[in-house]
Amino acid sequence: MQQSVGVVIPTRGDRPHHLRAAVAAALAQDRPGRLDLVVVADGADPATVAGQLAGLRPVRVLPNQRTPGLPGARNTGIAACDTDLVAFCDDDDEWLPGKLAAQLAALDGGAEFASCGIEVDYGGRRVSRLAGAGVVTEDDLVRSRMVMVHSSTFLFRRGTLLVDESAPGGQNEDWDLALRAARRRPIANVDRPLVRVRWGASHYATRWADRIAGLEWMLDRHPRLAADPRGAARVYGQLAFHHAALGRRRAALRWAVRALSARAAEPRVPIALAVAAGLVPAPAVLALLHGRGHGI
């Protein structure tokens, strides 16, 4: 059966070159059914964004009519679609050929939600990140953030889920959505790099206070994160790192101790302590990790 797909691409209108590439790549996808591409202008003038997309059709450009920020923009796009399925793409990412067709085939098995592998593009280097499995479960996403289960890979049945607009600064709304999806039914994963993710253009990487708030929000919403020793140590280690990046040494040490209590071998702890001690700046750590296709 042919299924229609609504593609939601939020934008602030500040990276038109990447936005055009994202839209062109989505429009170029092989697909058996109708594709409805919606670009949501979040805090930007829709007419200006439409001008940035001159010559690319068919595309609808709408203002964000919900909570300002990424979650509200995504929900605005979902509400504007009347399609069977909805897919997300960030305005600095790009679907690779075959992405949509492969995921549509994966959903034929009865899944509600699909992801795929990614190709991280940072500093001129590209690194593939794969899940190593054709299915992603809630247990997998509790134990690890699984960066390859990225928002720009999401394809899901419209009407099953919305993005939570209470996410602080839009942080971790995609992880939360994937966890809620996997709780309903395992995620079908196409384990090939079918989305190019440009980390260098991210609006979120060094917003340390927002990242702290986002992780604390996740711990409140998903108690299982604290119950799994490996998952808890990872989140606590990230919190230690972000506090260290803000110069909050006591808070960094407190979270580092909690991380080690959950898992003695948690690798983020020595990194966070090095940042807290002033031995290395946090952005330099992220640059090194991103160059290898990893985050903190």
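For the structure itself, consult the block above.
This one's a predicted model, so the numbers in the text were calculated from it and none came from an experiment.

Peer 1: Account for the overall build of the protein chain, naming residues and giving values.
Peer 2: If you tally the helices and strands in the protein chain, you get 12 helices and 10 strands. Counting only C-alpha atoms and orienting by the principal axes, one finds that the protein chain spans roughly 55 × 40 × 35 Å. Counting only residues that meet the buried cut, the protein chain has 55% of its 296 residues in that class. Surface summary for the protein chain: the accessible area is close to 12,100 Å², and the carbon and sulfur share equals 52%. Considering the protein chain, the positive charge centre built from 38 side chains and the negative charge centre built from 30 side chains are found 4 Å apart.

Peer 1: Any chance you could break down the packing of aromatic side chains for me, citing the residues and the numbers?
Peer 2: Applying the stated criterion across every chain yields a total of six aromatic pairs. Ring plane angle 80° and centroid distance 5.4 Å describe the contact between F88 and F156, whose orientation is recorded as edge-to-face. In this pair, F88 sits in strand β4 (residues 85-88) while F156 sits in strand β9 (residues 155-157), placing the two residues 68 residues apart along the sequence. The same class applies to F88 as to F156, namely buried. On the numbers, 4.9 Å between centres and 65° between planes, the contact of F113 with F154 is edge-to-face. Of this pair, F113 sits in strand β6 (residues 113-122) while F154 sits in the loop between α5 (138-143) and β9, placing them 41 residues apart in sequence. Neither F113 nor F154 differs from the other in exposure class; each is buried. Joined through ring pairs, the aromatic side chains of F88, F113, F154 and F156 make up one cluster.

Peer 1: Describe the side chain of R129, and please don't skip the residues or the numbers.
Peer 2: In this structure, R129 sits in strand β7 (residues 125-129). Of the side chains bearing the opposite charge, D191 lies closest to the buried R129, which forms no salt bridge; the N-O distance is 9.6 Å. Each residue touching R129, except ones within four places of it in the same chain, is listed here: G117, I118, V120, V147, M148, G293 and H294.

Peer 1: Explain the nonpolar core residue by residue, including any values.
Peer 2: In this structure, V23, L37 and L141 are the most contacted members of the largest nonpolar core, which totals 91 residues. Contacts of V23, omitting those with residues within four sequence positions, involve I9, L37, V39, L53, L56 and V59.

Peer 1: Give me the lowdown on the side chain of T153, citing residues and values where you can.
Peer 2: You can see T153 is positioned in the loop between α5 and β9. Using a relative accessible area of 0% as the deciding quantity, one classes T153 as buried. Within the local environment of T153, its side chain forms a polar contact with the backbone oxygen of H150, the two atoms lying 2.7 Å apart. Apart from residues no more than four positions distant in its own chain, T153 is found in contact with F88, K99, Q103, A114, S115, C116, G117, I118, M148 and V195.

Peer 1: Now, about unusual backbone geometry: what can you tell me, with residues and values included?
Peer 2: Of note, the amide linkage connecting R57 to P58 takes the cis form, showing an omega dihedral of 0°. A positive phi angle, close to 50°, is found at M146, a residue other than glycine. Counting through the fold element by element, M146 comes out in the loop between α5 and β9. Relative accessible area serves as the criterion here: at 11%, M146 is assigned to the buried category. At N172, a residue that is not glycine, the phi angle is positive and equals roughly 65°. Structurally, N172 can be placed in the loop between β9 and α6 (173-184).

Peer 1: Residue-level account of the packing of helix α7 (residues 208-221) against helix α9 (residues 229-245), with values.
Peer 2: Two elements in contact, α7 and α9, have axes whose closest approach is 9 Å; the angle formed by their N-to-C orientations is 155°. Classified by the angle between their axes, α7 and α9 sit roughly antiparallel to one another. Crossing angle aside, the handedness with which α7 passes α9 is left-handed. Residues W208, R211, I212, L215, E216 and L219 of α7 lie in contact with α9, whose contacting residues are V235, Y236, Q238, L239, F241, H242, H243 and A245. Grouping the constituent residues of the contact of α7 with α9 by class yields nine nonpolar, three polar and two charged.

Peer 1: How would you sum up the pattern of salt bridges? Please name residues and give values.
Peer 2: Scanning the model with the defined rule gives 24 salt bridges in all. One salt bridge in this structure joins R221 and D164, with 2.8 Å as the shortest N-O distance. One end of the pair, R221, is in helix α7; the other, D164, is in the loop between β9 and α6, and 57 residues separate them in sequence. For R221, a relative accessible area of 32% translates into the label partly exposed. Here the residues in one salt-bridge network are E119, D121, R126 and R196, joined through shared partners.

Peer 1: Any chance you could break down the environment of A274 for me, citing the residues and the numbers?
Peer 2: Looking at the secondary structure, you find A274 in helix α11 (residues 268-276). Between the alpha carbons of A274 and G170 there is a distance of 28 Å; along the sequence they are 104 residues apart. Ignoring any residue separated from it by four or fewer positions in sequence, one finds A274 in contact with L279 and V280.

Rules and cut-offs
- Residues numbered from 1 in each chain as written.
- Predicted model: local features only at pLDDT ≥ 70, side-chain atom pairs only at ≥ 80, totals over all residues.
- Heavy atoms only, no water.
- Helix = DSSP H or I, 4+ residues; strand = E, 2+ residues; numbered from the N terminus.
- Buried < 20%, exposed > 50% of the residue type's maximum accessible area, 1.4 Å probe, protein only.
- Areas by Shrake-Rupley, 256 points an atom, 1.4 Å probe, with all protein chains shown as cover.
- Lys, Arg positive; Asp, Glu negative; His and termini not counted.
- Charge placed at Lys NZ, Arg CZ, Asp CG, Glu CD.
- Phe/Tyr/Trp six-rings, centres within 6.5 Å; stacked < 30°, edge-to-face > 60°.
- Salt bridge = Lys/Arg side-chain N within 4 Å of Asp/Glu carboxyl O.
- Contact = heavy atoms within 4.5 Å.
- Core = buried A, V, L, I, M, F, W, Y, C linked by side-chain atoms within 4.5 Å.
- Polar contact = N/O pair within 3.5 Å; in protein donor to acceptor, adjacent residues only side chain to side chain.
- Axes fitted to C-alpha atoms, helices over the stretch in contact; angles between N-to-C directions.
- Parallel < 35°, antiparallel > 145°, perpendicular 65-115°, else oblique.
- Left-handed = near helix turned anticlockwise from the far one by under 90°.
- Nonpolar A, V, L, I, M, F, W, Y, C, P; charged D, E, K, R; others polar.

The values are spatial; any link to function lies outside them.
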